[in-house]
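# Observations on chain architecture
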Amino acid sequence: MSMQQKVVIVTGAGGGIGRAIALEMAQAGAAVVINDVGVSLAGDGGSATPAQETQALIEALGGKAVINTDSVADWEGAKRMVACALDSFGRLDAVVNNAGITRDAIFHKMAIEDWQQVINVHLNGTFYVSRAAAEVFREQKSGAFVHMTSTSGLIGNVGQSNYSAAKLGVVALSKSIALDMQRFNVRSNCIAPFAWSRMTSAIPSQTPEEQARVERLKQMTPEKNAPLAVYLASDKAADVNGQVFAVRRNEIFLMGQSRPVRSVHRSEGWTPDAIAEHAIPALSSSFSDMAVSGTIFGWDPV
Ligand code: NAI
């Protein structure tokens, strides 16, 4: 019971990965604030039903949970979410920033509204909820953040400029929180999850080959991502800070973070011509390729 006596907020916990994490948190002994606005995949509408369903599932397990239906993309809502944890359970120990939407479009057709909404939910939402919780964590000198990022940001994906930018922004935000708050015994880590959820269920399944692939992808259930999230939120992960992991069915990956790959130096300095003739031939064999997430993770989930 690694989360016994602990209180956790899980955003977007009305379905998919968030619900799986909320349930695993409750099973590990945590009291859970289930946050979810209950919107469509694109962020439209709103309903308390998904959050209520998660609450019923937790209570059926004998766990403790309350609901908050504020949007993570609203600073006042984020403050209410943290207040809800304190009012309901008297403390707050961990925040899982999981809420998300997608509004995919090829870059040159990306609508301004779709850019703004996706940045608002993922990047601003992660900031707002983390910032509101940081006040509590600083005071009590402990706390853990777990943020859901994506290989769409870490590696790349076609037609997801808004989502990729937001998700890589979340990684930089997480590292900044880890650096700024380590003095208060606060940790911040990211998970790039993989799951068959409504977010991925648009993958085509027309041909027999596609159908077979989709059947294999369905093995990546949202639940597979939950143990790592619970571990990172718990005191067992006391020495894990500022890291980025990925989970794909039964695989767990430690993802790289940007470091210099190779350098060239010229004591006279550089001109554009010298860069073309000297620097680029020296560096180009180490260029990153144009990989997308699916080419780097090219094998079926194990
Ligand atoms: P999902 O669409 O099943 O669940 C997302 C939940 O977030 C929904 O219940 C939705 O109502 C809620 N939500 C959306 N906007 C909100 C807001 N403003 N405030 C509060 N709640 C809000 O998605 P899924 O697949 O469970 O994804 C969870 C997280 O994992 C997301 O951050 C997503 O970007 C990330 N992710 C998922 C992957 C996958 O393979 N499913 C891959 C990479 C990342």
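For the structure itself, consult the block above.
Residues numbered from 1 in each chain as written. Predicted model: local features only at pLDDT ≥ 70, side-chain atom pairs only at ≥ 80, totals over all residues. Heavy atoms only, no water.

### Side note on the overall build of the protein
Selection criterion: Runs of E in the DSSP output that reach at least two residues are strands. Runs of H or I that reach at least four are helices, and both are numbered from the N terminus. Using C-alpha atoms as the atom set, the radius of gyration is obtained and then compared with a globule rule of 2.2 Å times the number of residues to the power 0.38. The cut-offs for exposure are 20% and 50% of the maximum accessible area for each residue type, with area from a 1.4 Å probe on protein chains only; residues under the lower value are buried, those over the upper are exposed, and the others partly exposed. Should any heavy atoms of two residues lie within 4.5 Å, those residues are counted as being in contact. All accessible areas in this document rest on Shrake-Rupley with a 1.4 Å probe, and a residue is counted as covered only by the protein chains that are shown. This count recognises Lys and Arg as positive and Asp and Glu as negative, with His and chain-terminal groups excluded. The atom standing in for a charge is NZ when the residue is Lys, CZ when it is Arg, CG when it is Asp and CD when it is Glu.
For the protein, the helix and strand inventory stands at 10 helices and 8 strands. In terms of overall dimensions, the protein is globule-like: its C-alpha atoms have a radius of gyration of 21 Å, near the 19 Å expected for 302 residues. Projecting the C-alpha coordinates of the protein onto the three principal axes gives extents of approximately 65 × 55 × 35 Å. Here the protein holds 302 residues, and the buried ones make up 46% of them. Expressed as a percentage of contacts within the protein between residues at least 6 apart in sequence, the contacts between residues at least 24 apart total 70%. Taken as a whole, the protein presents about 14900 Å² of accessible surface, with 53% of it coming from carbon and sulfur. Treating the 26 positive side-chain charges of the protein as one cloud and the 28 negative ones as another, the clouds have centres 5 Å apart.

### A closer look at the site of the ligand
This is how it is decided: Each residue is tested against the molecule or strand, and it is near if at least one of its non-hydrogen atoms lies within 4 Å. For the purposes of these results, a polar contact is taken to be a pair of N or O atoms within 3.5 Å, where, inside protein, one atom must be able to donate a hydrogen and its partner to accept one; residues adjacent in sequence count only when each atom of the pair is a side-chain atom.
Around the ligand there are 31 residues in total, and Asp-36, Asn-98, Tyr-163, Ser-197 and Arg-198 lie nearest to it. A distance of 2.5 Å is found between an oxygen atom of the ligand and a side-chain nitrogen or oxygen belonging to Tyr-163. Between an oxygen atom of the ligand and a main-chain N or O atom of Ala-195, the distance comes to 2.9 Å. Contact with the protein chains removes 95% of the 830 Å² of surface that the ligand exposes when unbound.

### Structural notes on the sheet that holds strand β5 (residues 143-148)
What counts here: At least two DSSP bridges between two strands are needed for those strands to be called paired. Angles shown run from 0 to 180 degrees and are taken between the N-to-C directions of axes, each axis being a line fitted to C-alpha atoms and, for helices, limited to the stretch in contact.
Spatially, 8 strands are ordered β3-β2-β1-β4-β5-β6-β7-β8 in an open sheet, and the strand pairing comes out mixed. Every interior strand has two partners, whereas the edge strands, β3 (64-68) and β8 (251-254), have only one. The sheet shows a mean angle of 20 degrees between the axes of neighbouring strands, taken without regard to direction. Judged from the 4 bridges that link them, strand β7 (residues 244-248) and β8 form a sheet pairing that is antiparallel. Residue pairing across strands places Val-247 opposite Ile-252, the latter belonging to β8. Across the face of the sheet, helix α1 (residues 16-27) comes into contact with β1 (7-11), β2 (31-35), β4 (94-97), β5 and β6 (186-193) while running at roughly 170 degrees to β1.

### Structural notes on unusual backbone geometry
Positive phi outside glycine occurs at Asn-185, with the angle close to 65 degrees. Looking at where Asn-185 falls in the secondary structure, it is placed in the loop between α6 (161-181) and β6. One non-glycine residue, Arg-249, lies in the positive phi region at around 50 degrees. Within the secondary structure, Arg-249 is located in the loop between β7 and β8.

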